[in-house]
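Read off the chains here:
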Amino acid sequence: MTEIQYDKDADGIVTLTFDSQGQSANTMNQAWTASMYAALDRLDAEDGLTGVVLASAKKTFFAGGDLGEMLASEPVAEDIFTWIEHAKGAIRRMETMEVPVVAAINGAALGGGYEICLGCNHRIVLNSPKAVTGTPEVTLGLLPGAGGCVRLPATIGLEKALPILLEGKPQAPAKALKLGMVDQMVETAEELIPAAKAWIKANPGAHTQPWDQKGFTYPGGGPTAPNIRQIAAGAPTMLYNKTRGLHPGPEKILDIAVNSMRMGFDSALRAESRGLAYLLSGPHSKAAISTFFFGMQAIKGGKVRPEGDKWKASSSAVLGAGMMGGGIAWAQASRGLPTVLKDMEMAKAEQGKAYSAGLVEKRVGRGQMTEEQGAALMDLIRPTDADDYDGTDLIVEAVFENIDLKEKVIAETFEKLGAGGIYGSNTSTLPISILAEACPDPSRFIGLHFFSPVDKMKVVEIIMGEKTSEETLRKGYDYVQQVGYTPIVVNDSRGFFTSRVFGTFLDEGFQLLRDGMNPVAIERAAWKAGMPVGPFDIQDQVSQELSRKVRETHKMLDERLGVESGFGKYNTASAEIVDQMCDMGRRGRNWDKAGCYDYPADGPKRLWDGLTQFQKGNKDIAVEDAVDRILYRQSIEALRCLDENVLRTEVEGNVGSIFAIGFPAHTGGALQFCHFTGLDKFKARADELAAEYGERFTVTDAMMAKLG
C-alpha cells in the first residue's frame, strides 16, 4: 500500500493522488515524504511525461503537517531543521520539473497542504464551502514552514499575504480566487482533474515558477517600494501591540516574509526552515498544539462524551429573560432551536427577545445575515409570561443567582419537561446536587453554565450533580454542541471550575493592591501576563454588587447545611475591599457608573484615585513578580480542581480556562501552563511564592502527580 497513487494517461499526464493510509486525512508525515520522493524519482524516469496533476482520495485535499509526529518526541532544533528541509525539498524538486504541475483542490488544503499547492504552476479549486485554503499554522504557535512564508508573498504580494499568514483564517474558494491564492474554480468535483489536464495541454511550457524566472518582481511592490517599506517599518509595532510579545510565531512569520524579498529564493526557504525549527523546539507550539488542536479535537470529537446515540432537542424553554436568559435564547434560535422565553412579566420577556433583535440588526447591517434569515431567527423566540411550554425537550433555568429563587422555579417548572427531556440550571456557583433536590427526578437535572456575553463566549461549563445520570450528561453535551458551543464537563462543587479560578484572578489583583502595588502597575502586569483585561476592569464589569451577593448566598447556604464549604477561602482581599466599595456606592459600572474605575460622561474611563486607600503594605513588587502571582494563582486553583476531581480532564481545564475566563492562550491553558513552564520549575516557583505570600500558592506533590 502506498501513500500516493500513480496514474499515467495516454497524453503523458501523470495524476498523483494523495491517500495516506490509516488516516482520515492526508498529512505531511515521514511516510508521505518517502512516497513523494519515490513518486518524483518515477516521474524523472518517465518517457513522454507532459504534466502532473496533484489530487486527493480523501474528502479533504491535504491537512498539513502531522502534528502527532511533531509532538511524539522532542528532538533538538538541528534535527528538526534537517527533517523540515527534507520534507519541503520534495516540493522544491516538484516545482522545478520541466513539465507543468497543477493542484486539483477537492477539499480543504490547509497548512502544508496549501503550501504544496503553492509549489504548483496552477491551482484549481472546487466551489465548495469545504474547499478552504490557507495557512493556519500561526494559531498553533507555528509558521508555514513548507514554503508558505516565502511563496505566498511571491504569489500575491506581501501586502495581501501578511494577513493570511498572521491571522491563519481559512479562505473560501471565491475569496481565495479573488486574492490570487488559487487560479481557477470549478463547480463540480468531476470537473477538477479534467480541468487540470486541459490547462496542462493548453500551457505545455508553463513549468517555470515566476520566482525562478529572470527579472521576477513581486506583485504589489518589491522590497524597496514605498508601500512595502512602510509595512516593514510599521508592522512590528502593530504586531507587538496585538501579541504583547507573548507569541513568537507571528514575529517569526513577519520577519521571514519581509526578509524573503531581500534574499535568494532558496536562502529564504532555509531561513523559513530555521524559523520553524526554532518554534517547534520551544514551549509555545507544544502548548498550542496540545490545547487548540488535540484538545479541541477531543472535545469536538466526543472523546469526553458518554457513549450513546446522538441527541437533539427540538423544543426548549428558557426561564428568566434577563441578560443571561436573553443571550441563551439567542444562542438557541441562531442554531434553529425553537425557544420559549419566559419571565414573570410579559414586558420583561419581550425585552429579553429584544436582545436578540439587536444582535440580528447588527449582523444584517454587516452583511453577515440577510433580513429574511434574521426574521426567521426572531420567529423562533416566543416571549411569554405564562407556563405554556408543556412537553418541552429542554428547560434552562436562568433566573438570578439566588438559591431560594432557583429552588422555587425548579420545583414549579420541572413537570413541564417532556418524556426524555432534561433540565439545566445556568448557575455560576451554586451546587447542582443541592438545586437538584428541588426536582422530582434529579437524574435529569444538570448544570449548564453559559458565560456573559453569551453571543461571544462560545463555551458552556456542564456540571454533573451527584445524581445526574450519564444519559443526561450525554444529552447536555449534545445540546451544547447543537447550539454551536464548546462543552467542558466538570463535577459538582462550590463555584465549579471556572468561577473558582476566575475568582482567584480578581482576588490576586486586590492582594497586590493591599500589598502596596500601584493600581496602574497591577493592570499593566495583567496585560503583560496576557489576560484580556486587568482585574480591576473586569471586576467592574462583573460588578462588586454581584460578587458580594454571591458570597452572601454561599454564607447562607453554609448556615443552612451546617457546613463550612471553604468556597473562596483564600479570596480574603477581594471580599474585604469589594464589600467596602459597595458600602461606598461604587458597586460597578452597571450599578453606580463607578467602581475600581471612574466613568465620566465626557471622557474615557480612568482608575479611581481612591483605590490606594486599600493599600496596607508598601512592598516594592516588581512587575515580573506580579505577572507570576496572577498566573500562578489561577493555575494553582486549577490544579486544586483537578486534585479534587472537580475537573475530569486536563484538556477541559485548559480549554475552559482560555475560552471561559481568558487565561493567556499562549500558555495553552491554566494546567498546560505547568508543562509550559516545566513541572519542576513550576513547583519551585510556587514554593517561593508560598513562602513569601502565603498558603494560597501552596502546591503539594500529590497535586503535581495529577498532571499527565
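Our subject is the structure that appears above.
Residues numbered from 1 in each chain as written. Predicted model: local features only at pLDDT ≥ 70, side-chain atom pairs only at ≥ 80, totals over all residues. Heavy atoms only, no water.

Participant: Please give an account of the overall build of the chain that cites residues and values.
Facilitator: In terms of helices and strands, the chain carries 29 helices and 18 strands. The C-alpha radius of gyration computed for the chain amounts to 28 Å, which stays within 12% of the reference 27 Å derived for 708 residues, consistent with globular compactness. Out of the 708 residues belonging to the chain, those deemed buried represent 57%. Long-range pairs, those at least 24 residues apart, make up 75% of the contacts in the chain with a sequence separation of at least 6. Surface accessibility of the chain: about 29200 Å² in total, with carbon and sulfur atoms responsible for 51%. Between the centroid of the 75 positive side chains of the chain and the centroid of its 92 negative side chains there is a distance of 3 Å. (Helix = DSSP H or I, 4+ residues; strand = E, 2+ residues; numbered from the N terminus. Rg over C-alpha atoms; globule rule 2.2 N^0.38 Å. Buried < 20%, exposed > 50% of the residue type's maximum accessible area, 1.4 Å probe, protein only. Contact = heavy atoms within 4.5 Å. Areas by Shrake-Rupley, 256 points an atom, 1.4 Å probe, with all protein chains shown as cover. Lys, Arg positive; Asp, Glu negative; His and termini not counted. Charge placed at Lys NZ, Arg CZ, Asp CG, Glu CD.)

Participant: Quick one: what's the story with the nonpolar core, residue by residue and with numbers?
Facilitator: Core analysis: the biggest nonpolar cluster contains 125 residues, and Leu-448 and Tyr-479 have the highest contact counts within it. The element that contributes the greatest number of residues to this core is helix 25 (residues 623–643), accounting for 10 residues. Residues in contact with Leu-448, not counting those within four places in the same chain, are Leu-394, Val-396, Gly-424, Ser-425, Asn-426, Val-460, Glu-461, Ile-462, Ile-463, Tyr-479 and Val-480. Residues Leu-54, Met-97, Leu-126 and Ala-268 belong to the second largest nonpolar core, which totals 90 residues. (Core = buried A, V, L, I, M, F, W, Y, C linked by side-chain atoms within 4.5 Å.)

Participant: For the side chain of Gln-482, give the residues involved together with the corresponding values.
Facilitator: Summarising the element assignment, Gln-482 is placed in helix 18 (residues 470–482). A distance of 2.9 Å separates the side chain of Gln-482 from the backbone oxygen of Ala-313, its partner in a polar contact. (Polar contact = N/O pair within 3.5 Å; in protein donor to acceptor, adjacent residues only side chain to side chain.)

Participant: Go over the sheet that holds strand 14 (residues 445–449), please, and point to the residues and values.
Facilitator: In space, the eight strands of this open sheet follow the order 11-10-9-12-13-14-15-16, with mixed pairing throughout. What marks the edges here is a single partner per strand, and that holds for strand 11 (381–384) and strand 16 (486–491). Neighbour-to-neighbour, the strand axes of this sheet turn through a mean angle of 25°, independent of strand direction. In the sheet, strand 10 (residues 339–342) pairs with strand 11 via four bridges, with the strands oriented parallel. Residue pairing for strand 11: Thr-339 is matched across the bridge by Ile-381. Contacting strand 10 and strand 11, helix 14 (residues 346–365) crosses the sheet at an angle of about 160° to strand 11. (Pairing = 2+ DSSP bridges. Axes fitted to C-alpha atoms, helices over the stretch in contact; angles between N-to-C directions.)

Participant: If you had to explain the sheet that holds strand 2 (residues 13–18) to someone new, which residues and values would you point to?
Facilitator: Reading across from one edge, 1-2-3-4-6-8 is the order of the six strands in this open sheet, with mixed pairing throughout. Only two strands of the sheet have a single neighbouring strand rather than two, namely strand 1 (4–8) and strand 8 (184–186). Here the average twist between neighbouring strands, direction ignored, is 20°. For strand 4 (residues 101–105) and strand 6 (residues 122–126), the ladder comprises four bridges, and the chain directions are parallel.

Participant: How would you summarise unusual backbone geometry if you had to cite specific residues and measurements?
Facilitator: In this structure, the amide linkage connecting Ser-452 to the following residue, Pro-453, adopts the cis form with an omega of -5°. Examined against the element boundaries, Pro-453 turns out to sit in the loop between strand 14 and strand 15 (459–464). Despite not being glycine, Arg-244 has its phi angle at roughly 60°, a positive value. With respect to the secondary-structure elements, Arg-244 resides in the loop between helix 9 (226–243) and helix 10 (248–260).

Participant: Account for the packing of aromatic side chains, with residues named and values stated.
Facilitator: A full pass over the atoms with the stated rule returns 20 aromatic pairs. Plain terms: the ring middles of Trp-211 and Phe-265 are 5.5 Å apart, the flat faces sit at 10° to each other, and that makes the pair stacked. Note that Trp-211 is positioned in the loop between helix 8 (192–202) and helix 9 and Phe-265 in helix 11 (residues 265–280), a separation of 54 residues in sequence. Their ring planes at 20° and their centres at 5.6 Å tell us that Phe-414 and Tyr-423 sit as a pair that is stacked. Of the residues examined, Phe-414 reaches a relative accessible area of 4% and is grouped as buried. Following the ring pairs from residue to residue traces out a cluster consisting of Phe-18, Trp-32, Phe-61 and Phe-62. Here the guanidinium or amino end of Lys-252 rests over the ring plane of Tyr-278, the centre of that ring lying 4.8 Å away. The aromatic ring of Tyr-597 is capped on one face by Lys-605, whose charged end is 5.1 Å from the ring centroid. (Phe/Tyr/Trp six-rings, centres within 6.5 Å; stacked < 30°, edge-to-face > 60°. Lys NZ or Arg CZ within 6 Å of the ring centre and 35° of its normal.)

Participant: So what's going on with the packing of helix 6 (residues 158–167) against helix 9? Residues and values would help.
Facilitator: Helix packing geometry: the angle between the two helix axes and the distance between the axes. Across the interface, helix 6 lies against helix 9 with an axial gap of 11 Å and an inter-helix angle of 20°. Between helix 6 and helix 9, the angle is such that the two are roughly parallel. Judged by the sense of rotation from one axis to the other, the crossing of helix 6 with helix 9 is right-handed. For the pair helix 6 and helix 9, the contacting residues are Leu-158, Glu-159, Leu-162 and Glu-167 in the first and Asn-227, Ile-228, Ile-231 and Lys-242 in the second. (Parallel < 35°, antiparallel > 145°, perpendicular 65-115°, else oblique. Left-handed = near helix turned anticlockwise from the far one by under 90°.)

Participant: Tell me what's going on with the pairing of strand 1, and back it up with residues and numbers.
Facilitator: Summarising the sheet, strand 1 and strand 2 pair through five bridges and their orientation is antiparallel. Paired with Tyr-6 across the bridge in strand 2 is Leu-16. Turn length for the strand 1-strand 2 hairpin, with the two strands adjacent in sequence and antiparallel, is four residues, and the turn residue Gly-12 shows positive phi of about 85°.

Participant: Break down the pattern of salt bridges for me, citing the residues and quoting the values.
Facilitator: The full count for this structure, using the stated rule, is 48 salt bridges. When the shortest N-O distance is used, the salt bridge between Arg-151 and Glu-95 registers 2.7 Å. Of the two residues, Arg-151 sits in helix 5 (residues 148–156) while Glu-95 sits in helix 3 (residues 77–95), which places them 56 residues apart along the sequence. Taking relative accessible area as the criterion, Glu-95 reaches 1% and is therefore assigned buried. For the salt bridge of Asp-579 with Arg-551, the shortest nitrogen-to-oxygen distance reads 2.2 Å. Taken together, the residues span a long stretch of sequence, with Asp-579 in helix 23 (residues 572–583) and Arg-551 in helix 22 (residues 544–561) at a distance of 28 residues. You can call Asp-579 partly exposed: its relative accessible area is 23%. Several salt bridges converge on common partners, so that one network encompasses Asp-507, Glu-508, Asp-515, Arg-629, Arg-633 and Arg-696. (Salt bridge = Lys/Arg side-chain N within 4 Å of Asp/Glu carboxyl O.)

Participant: Run through the environment of Tyr-477, naming residues and quoting values.
Facilitator: Turning to its location among the elements, Tyr-477 is positioned in helix 18. Spatially, the C-alpha atom of Tyr-477 lies 8.9 Å from that of Trp-311, the residues being 166 residues apart in sequence. With near-sequence residues (within four places) excluded, Tyr-477 lies in contact with Ile-299, Gly-302, Val-304, Arg-305, Ile-462, Pro-487 and Val-489.

Participant: Run through the packing of helix 25 against helix 28 (residues 679–693), naming residues and quoting values.
Facilitator: Packing of helix 25 against helix 28 brings their axes to within 11 Å, and their N-to-C directions diverge by 105°. In terms of axis orientation, helix 25 runs roughly perpendicular to helix 28. Contact with helix 25, carried on its side by Asp-625, Asp-628, Arg-629, Tyr-632, Ser-635, Ile-636 and Leu-639, involves Lys-681, Phe-682, Arg-685, Ala-686, Leu-689 and Tyr-693 of helix 28 and no other residues of that element. Of the residues contributing to the contact of helix 25 with helix 28, the split by class is seven nonpolar, one polar and five charged. (Nonpolar A, V, L, I, M, F, W, Y, C, P; charged D, E, K, R; others polar.)

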